[in-house]
Amino acid sequence: MFKLTPILLAMLYAVVMYRFSAWRMARELDARSTALADKRLHDLTRRMAESLDLPRIQVHIYEIPQVNGLAAPDGRIFITRGFHDRYRAGEVTAEELASVIAHELGHVALGHSRRRMIDFSGQNAVRVALNMVLGRLLPGLGTLLANLVASLLAARLSRSDEYEADAYAAALLHKAGIGIGPQKSLFRKLEKLSGGAGGAPAWLLSHPMTHERVAALEKLEARWTSVPG
């Protein structure tokens, strides 16, 4: 039991830190966000809400210059001011921005925020356990290897969430009559819009590579179009 104590404490610490981070994020979003006010986007979110049998989908603008969308742990959907500015400048279409909203709705609907809390706790436990084992076998290198393994695990789980949210968004956009064309076209623009991912290899990135995401969507599209109407 005493041997497991460090691991249990690591898991408890991860849960507490996740809760604190969620609380801090909620405060930040409350202080730096405004309700989305755009008729074209409202029309598109209304169509998606009808497809989900929801009264409406409330979207907020997070007042930061980066290009991103996010689903808060409390279920709220945000797009950044930087993303909205690109839309206003004509670099991104309303349908493409709607695909971001659909993707973030996927994270909420699929419970990714709750799952990430569990995953984060598990990763912290893995890191501690590996440190205990590798630290004895490989003094000096054990900690580095343990952190690398935990980071790779976190990236793999995050990529899995992104694929699931992509598929959810594709199904919703298809059902709402918007189609997944805007989703694919936005993926092809994202590297330029966000400044690219640098030279980091795909297996270290928390998001899948663009061509892999587009290929996954095209498989879904082929499956839907091959089903007799």
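Up top is the structure.
Notes on the structure follow.

Cut-off values and rules
Residues numbered from 1 in each chain as written. Predicted model: local features only at pLDDT ≥ 70, side-chain atom pairs only at ≥ 80, totals over all residues. Heavy atoms only, no water. Pairing = 2+ DSSP bridges. Helix = DSSP H or I, 4+ residues; strand = E, 2+ residues; numbered from the N terminus. Axes fitted to C-alpha atoms, helices over the stretch in contact; angles between N-to-C directions. Salt bridge = Lys/Arg side-chain N within 4 Å of Asp/Glu carboxyl O. Buried < 20%, exposed > 50% of the residue type's maximum accessible area, 1.4 Å probe, protein only.

1. A look at the sheet that holds strand E1 (residues 33-35)
Pairing in this open sheet of 4 strands is mixed, and the strands run E1-E2-E4-E3 from one edge to the other. Where the open sheet ends on each side, the last strands, each with one partner, are E1 and strand E3 (69-71). If you compare each strand with its neighbour and ignore which way they point, the axes differ by 30° on average. Pairing geometry for strand E2 (residues 59-62) and strand E4 (residues 77-80), over 4 bridges, is parallel. Bridge pairing in E4 places histidine 60 opposite phenylalanine 78.

2. Overview of the pattern of salt bridges
Evaluated as defined, the whole model comprises 14 salt bridges. Between aspartate 43 and lysine 39 there is a salt bridge whose closest N-O contact spans 3.2 Å. Pair noted here: aspartate 43 and lysine 39 are both in helix H2 (residues 39-51), with a separation of 4 residues, about one helical turn. Across the pair lysine 189 and glutamate 96 runs a salt bridge, and its minimum N-O distance is 2.9 Å. Residue lysine 189 is located in helix H7 (residues 181-194), and its partner glutamate 96 is located in helix H4 (residues 94-109); the two are separated by 93 residues in the primary sequence. By relative accessible area, lysine 189 is classed as partly exposed at 28%.

Everything listed here is a matter of geometry and, on its own, says nothing about what the molecule does.
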